[in-house]
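Each chain is listed here by its residues.
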Amino acid sequence: MKNQRSFVAAVAAASLLVSFAPAGQAAGDPNAAVPNAAAATVLAQGLLSPLHLSDGPDRSVLVSEEFAGRLTKVARDGAKSVVYENSAWNVAGTDRRDETIYLAESQGAGPMDPRALAGHLRSIDADGKQRTFGDLAALETKENADGGTLYGFRDLPGACAAQLPPEVEVSYKGHVDSHPYGIDVYGGTIYVADAGANSIVSVDVETGAAETVAVLPSRPHRFTAEEATALKLPGCIVGHTYEFEPVPTDVKRGPDGWLYVSVLPGGPEDPALGARGAVFKVDPEDGRVRLFADDVMSPTGLDMDQDGNVYVASLFGEGVLRLSADSGTQSVVLPGVLTADVDLRGETLYATVNALPEPNKAPDGRVVTGPAEND
């Protein structure tokens, strides 16, 4: 639970997350234990940690192979070509405006990463010219967006706190941390889901100026006896509530003008504590935050249609979920295993599956497609 970001930390240690995968959902078989798996068609495979994807030029798909520091283009026929590569950085979310590609890069993924805290945006124009801008780590170092937010237990007796393992912080305020993860380009602004800062940031495309738009609310969870046992935590925590950090993973401007944000719960992100993820709405003008959908299993990417329905990649769930615009009701529309991101084009969904490599095996991350409506 320390720093609450097992998902973010996994950028530097992929095997950590794979060990949390539910039974029947190990990396290697995107159709294992998933209903209606025939709905998904494989477009490309053999990718290393394809944690993000977006529209590419000429109906291609851009895929971030994050652990490799590589941005790969997958053509309509499945052919792969490298657009950008820099192993010194984690290449995260991407988006396009006209012929220019934008991507997020970061270093220092949590307190266990020995690298200095660093994160920014990069653009690549049609001629291949690159530009680095939007110093997100500097913004977080200066402001510490959630520095005034209290996480952890609020009322745990000292005798019980003393029994917690050292990696569990009993009570603390937000740390200085930045890990730009998902992005969305709208006009002259890039919105960034900073999974380290627990915030949404706006970056001006022309000037590179970065500002905090909103800090996401903490994710409280009251422990049961079964959960304490499963996590090998002392029984005295039963009945006590832990305020977990919110970990924003993706952002998309919706047709109503609000930003829709997928949020992982800090701590265990597999089903050990239930479906604790959420999708929030953020007003980009004043930073107001509203809950759109709760009880979402491990949401790590999202997209939207023009009717306001939200499509969520559920990493430890059953694939791509459709959250209806009117009620947030969930349904599986594109089955998959270790589904990391989703992109909607018309009535067709694209998603990355097998997104976390299995230890001691060749990477087999895949891009799959399927219909947005599951009949």
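Draft legend 1. Main features of the overall build of the protein. Each helix and strand in the protein was counted, giving 5 helices and 28 strands. For the protein, the computed accessible surface area is about 14,400 Å², with 47% contributed by carbon and sulfur atoms.

Draft legend 2. Expanded view of the nonpolar core. Ranked by size, the top nonpolar core spans 15 residues in total, and within it Phe153, Leu156, Leu164, Phe223, Ile237 and Tyr242 carry the most contacts. Of all the elements in the fold, those that place two or more residues in this core are strand S10 (150–153), helix H4 (158–161) and strand S17 (241–244). Apart from the residues within four sequence positions on either side, Phe153 is in contact with Leu164, Val170, Ser171, Phe223, Ile237, His240, Thr241 and Tyr242. If you look at the next biggest cluster of nonpolar residues, it comprises 14 residues, including Phe133, Ile183, Val185 and Val192.

Draft legend 3. Local environment of the sheet that holds strand S21 (residues 289–296). Spatial strand order, S18-S19-S20-S21: 4 strands in an open sheet with antiparallel pairing. If you trace the sheet from one side to the other, it starts and ends with strand S18 (246–253) and S21, each paired once. On average, adjacent strands in this sheet sit at an angle of 25° to one another, irrespective of strand direction. In the sheet, strand S20 (residues 277–282) pairs with S21 via 5 bridges, with the strands oriented antiparallel. Across the sheet, the residue bridging to Lys281 is Arg290, located in S21.

Draft legend 4. Representation of the state of the cysteines. Counted under the stated rule, the structure contains 1 disulfide. One disulfide in the model links Cys160 with Cys236; its S-S distance is 2.0 Å. Measuring the twist about the S-S bond at about 85°, one finds the Cys160-Cys236 disulfide to be right-handed. Here the residue Cys160 occupies a position in helix H4, and Cys236 occupies one in the loop between helix H5 (225–230) and S17, the gap between them amounting to 76 residues.

Draft legend 5. Quick peek at unusual backbone geometry. You will see that Arg59, though not glycine, has its phi angle at about 60°, which is positive. Structurally, the position occupied by Arg59 is in the loop between strand S2 (50–55) and strand S3 (61–65). For Asn354, which is not a glycine, the phi torsion comes out positive at approximately 50°. Note on placement: Asn354 falls in the loop between strand S27 (348–353) and strand S28 (365–371). Taking the relative accessible area as the measure of exposure, Asn354 reaches 3% and is therefore buried.

Draft legend 6. Structural view of the packing of aromatic side chains. Under the counting rule described, the total for this entry stands at 7 aromatic pairs. Relative to Tyr242, the ring of Phe153 has its centre 4.7 Å away and its plane inclined at 90°; by these criteria the two rings are edge-to-face. Here Phe153, found in strand S10, pairs with Tyr242, found in strand S17; they are 89 residues apart in sequence, far enough to count as distant. Assigned by exposure class, Phe153 and Tyr242 land together as buried. Put simply, the rings of Phe153, Phe223, Tyr242 and Phe244 touch in pairs and so form one group of aromatic residues. A cation over an aromatic ring shows up here: Arg253 above the ring of Tyr186, its NZ or CZ 3.9 Å from the ring centre. The lysine or arginine in question, Arg345, covers the ring of Tyr350, its NZ or CZ lying 4.8 Å from the ring centre.

How each quantity is defined
- Residues numbered from 1 in each chain as written.
- Predicted model: local features only at pLDDT ≥ 70, side-chain atom pairs only at ≥ 80, totals over all residues.
- Heavy atoms only, no water.
- Helix = DSSP H or I, 4+ residues; strand = E, 2+ residues; numbered from the N terminus.
- Areas by Shrake-Rupley, 256 points an atom, 1.4 Å probe, with all protein chains shown as cover.
- Core = buried A, V, L, I, M, F, W, Y, C linked by side-chain atoms within 4.5 Å.
- Buried < 20%, exposed > 50% of the residue type's maximum accessible area, 1.4 Å probe, protein only.
- Contact = heavy atoms within 4.5 Å.
- Pairing = 2+ DSSP bridges.
- Axes fitted to C-alpha atoms, helices over the stretch in contact; angles between N-to-C directions.
- Disulfide = S-S within 2.5 Å.
- Phe/Tyr/Trp six-rings, centres within 6.5 Å; stacked < 30°, edge-to-face > 60°.
- Lys NZ or Arg CZ within 6 Å of the ring centre and 35° of its normal.

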